[in-house]
Structures are given as structure tokens and as C-alpha cells.
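One letter stands for each residue in the lines below.
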Amino acid sequence: HLRHQAEAAGGQPLSQVVLGRPVYFVDDDAVRDEAAQASLEAAARAVGFTDIAFQFEPIAAAFDFEQHCTQEEHVLVADIGGGSVELAVGADEQPEHAISVPLGAGRMFREFFDHDPPRKSEVEALRSHVDEMLAPLVDTFASEAIDHAVGTSKTFRQLSRLAAAQPGSKAQGSSEVLYADDLEELCGRLVKLALPERMRLPRISESRAPQLAAGALVALGIMNALGLEALERCPWALREGIILRRL
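Here the structure is a predicted model, which is why all the values come from computation and not from measurement.

The omega angle of the peptide bond from D116 to P117 is -5°, so this bond is cis rather than trans. The phi angle at R203 is positive, at roughly 60°, despite the residue not being glycine. In this fold, R203 is placed in the loop between helix 8 (195-199) and helix 9 (212-225). Given a relative accessible area of 62%, R203 falls into the exposed group.

Here's what the structure looks like:
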């Protein structure tokens with residue numbers, strides 16, 4: 001379906017495709033990780049693509065951010081997906097480190113929240129798990145002098161908008177920057193809201209409302225673990241970064 005849409009829009013047949021993939025489909029299992037990519041490649045070939053390439057999701061996002069840089073910077077890119085968190089840091093298009101952690105918003109919601117709104121014990125368990133999972137990465141990323149931190153993905157976009165809209169927020173109504181202090185306050189609000197209340201928040205879809213609080217706690221855990229006081233929201237992500245890379 002997507003191939004036919006692209007061909008109709010471009011007015012010509014397509015044989016090449018760049019597919020985004022997480023740094024690891026399956027953590028600590030190279031065989032299953034390779035099999036997952038092979039399955040994705042087979043699906044692409046089945047619909048007619050013959051020239052197939054793959055790009056890591058956080059690196060694709062970094063390609064987009066690179067378009068807006070006016071000078072060389074050491075940039076951290078964080079992407080919160082449904083199943084995993086992708087982190088990359090570097091000064092150019094080939095990052096020094098790119099890591100995938102199974103801390104996606106949907107995954108954390110399903111694994112830790114059994115009640116709506118979540119109980120205090122569930123929230124604390126999730127926060128402890130995030131801290132534990134990120135602890136081994138702190139030394140790796142702390143060794144890099146981070147000049148700029150960027151958050152890409154719909155989760156960061158939604159959180160920055162909600163955090164900026166809070167009375168007295170450091171962002172003062174601008175959703176371009178997400179501050180850790182604002183996010184901490186937002187997390188305290190979100191974990192007290194039941195699903196119908198979360199669904200009434202501005203621009204929060206029915207499909208994403210259930211995992212919103214879990215995603216916020218993961219984002220806060222990332223910022224706290226890496227000592228980030230603020231993080232710039234990148235309006236584009238995987239899809240746009242891949243397009244820019246190919247251009």
C-alpha cells in the first residue's frame with residue numbers, strides 16, 4: 001500500500017527503499033536480531049523492492065538535526081518508541097555510540113501499570129527499573145561532552161507541549177525545549193489521571209493516552225540519568241531523517 005502511494009505521488013515505479021530499524025531488534029541475541037532484519041527485508045522484497053537498505057532510527061533522527069546545525073556540536077539524540085529507547089551521541093553523522101534499551105513507552109505501560117491511574121508502588125517500580133536499566137549507560141555517555149541534547153519521537157513532542165502549557169513552566173509556553181523540572185511536575189500530574197482524563201488532554205490520541213504517563217517517566221529517567229537540565233524537541237524523526245540522508 002505504501003509503495004503504491006509513493007509511486008503514485010512520484011509518478012514513477014520504485015525499486016529502492018530505506019527502512020528504519022532500532023539499534024537492536026532483540027537485545028543480547030545476535031541471531032534473533034539478524035533474523036528480525038531478514039524478515040523485514042523479505043517483506044520489502046515481497047512487495048517489489050529490489051534495492052533495500054537499513055538505517056538505525058536514532059541516527060536517522062540525527063541526520064535531520066544535522067540540517068539545522070550552524071557549527072559542529074557533540075549531540076545526544078534520544079528517541080522513545082513503543083518498545084525501546086534509542087540513544088546516540090556524536091559530532092557527525094557517524095556517532096561514537098548508538099544504544100537501544102528496552103524501555104519503550106508501550107512496553108513499560110504494559111509491564112508495570114496494572115491499575116488506572118497507576119498506584120504509587122507501580123510508579124516507583126517503573127522509575128526504579130528505568131534507573132537500573134540506564135545505570136550501565138551513564139559512564140558511556142557521560143564520557144562524551146554533550147553540547148546539545150535532542151529528543152525526537154511523538155512521545156517527546158507530546159510531553160514538550162504538555163509541559164510548556166503548565167502554569168509557571170520554564171518553557172514559558174514554548175514547546176521547543178523540554179525542561180527536566182517541567183517534566184518532573186508533569187509526571188506528577190499524569191500518574192494521577194485516569195485514562196478518560198488523559199484522553200481529554202490537548203492533542204493526545206486515544207491510542208497513545210494509555211502509555212502517556214509511562215513515556216513521561218521514561219523521558220524523565222533519561223534526563224536525570226544523563227544530567228540533562230533541558231532537551232530540545234526535534235520536530236522530525238526517523239522518516240524525515242532517512243529522506244534527508246538519501247538526498
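There's plenty left to go through after this.
Sheet architecture is open: six strands sit in the order 5-4-3-6-8-7, paired in mixed fashion. Pairing within the sheet leaves two strands with one partner each, and these edge strands are strand 5 (97-101) and strand 7 (177-179). The sheet shows a mean angle of 25° between the axes of neighbouring strands, direction not considered. Across five bridges, strand 3 (residues 75-80) lies against strand 6 (residues 148-152) in parallel orientation. The residue bridging V75 from the neighbouring strand is H148, located in strand 6.

Looking now at the packing of helix 6 (residues 154-164) against helix 7 (residues 180-190). Close contact between helix 6 and helix 7 brings their axes to 9 Å; oriented N to C, the two are set at 95°. One element, helix 6, and the other, helix 7, form an angle in the roughly perpendicular class. Every residue of helix 7 that contacts helix 6 at L159, L162 and A163 is listed here: D182, L183, L186 and L190. Classifying every residue of the contact of helix 6 with helix 7 gives six nonpolar, no polar and one charged.

Relative to the helices and strands, A135 resides in helix 5 (residues 120-142). Residues A135 and A225, 90 residues apart in the sequence, show an inter-C-alpha distance of 7.2 Å.

Let us now look at empty space enclosed by the protein. Taken as a whole and judged by the stated rule, the model has one cavity of 30 Å³ or more. Considered as a void within the structure, the largest cavity measures approximately 50 Å³ in volume. Looking at the largest cavity, the residues that line it are A105, T155, Q158, R208, Q211, L212 and G215. Looking at the lining of the largest cavity, the elements that each hand over two or more residues are helix 6 and helix 9.

This part covers the pairing of strand 4 (residues 85-90). The buried count for strand 4 comes to six of six residues, which makes it a mostly enclosed element. Neither face of strand 4 is exposed, since V85, L87 and V89 on one face and E86, A88 and G90 on the opposite face are all buried. For strand 3 and strand 4, the ladder comprises six bridges, and the chain directions are antiparallel. Note that in strand 4 the partner of D79 across the bridge is E86. Counted along the chain from strand 3 to the antiparallel partner strand 4, the turn is four residues long.

Judged by nonpolar contacts, the single largest core of 47 residues is most densely connected at L159, L183 and L190. Those elements giving two or more residues to this core turn out to be strand 3, strand 4, strand 5, helix 4 (105-112), helix 5, helix 6, helix 7 and helix 9. Tallying contributions element by element places helix 9 first for this core, with 10 residues. V17, A44, F49 and I52 belong to the second largest nonpolar core, which has five residues in total.

What counts and how
- Here the residue numbers are simple positions, counted from 1 along each chain's written sequence.
- Residues qualify for local features only when their pLDDT is at least 70, as the model is predicted, and side-chain atom pairs are given and counted only at 80 or more; totals for whole chains, interfaces and linings, by contrast, use all residues.
- Think of the side-chain values as coming from all heavy atoms in the structure, minus any hydrogens and water.
- A run of H or I in DSSP becomes a helix once it reaches four residues, and a run of E becomes a strand once it reaches two; helices and strands are each numbered from the N terminus.
- Working definition: with a 1.4 Å probe on protein chains only, accessible area under 20% of the residue-type maximum means buried, over 50% means exposed, and in between means partly exposed.
- Two strands qualify as a pair provided DSSP detects at least 2 bridges between them.
- Each axis is a line fitted through C-alpha atoms, taken for helices only over the stretch in contact, and angles between the N-to-C directions span 0 to 180 degrees.
- Reported orientations rely on four angle classes, namely roughly parallel under 35 degrees, roughly antiparallel over 145, roughly perpendicular from 65 to 115, and oblique for the rest.
- Throughout, a residue-residue contact means that at least one pair of heavy atoms, one from each residue, lies within 4.5 Å.
- Three classes are used, and their members are as follows: Ala, Val, Leu, Ile, Met, Phe, Trp, Tyr, Cys and Pro are nonpolar, Asp, Glu, Lys and Arg are charged, and the others, Gly among them, are polar.
- A cavity here means a set of points on a 1 Å grid, drawn over the protein atoms and nothing else, where a 1.4 Å probe fits but cannot get out; a pocket is an open set with protein on both sides within 12 Å along at least five of seven lines, and a residue lines either one if it has an atom within 4 Å of a point.
- Grid points are joined across faces, edges and corners, and a volume is the space filled by probe spheres set on the points.
- Here, the term nonpolar core denotes a set of buried Ala, Val, Leu, Ile, Met, Phe, Trp, Tyr and Cys residues that are joined through side-chain atoms within 4.5 Å.

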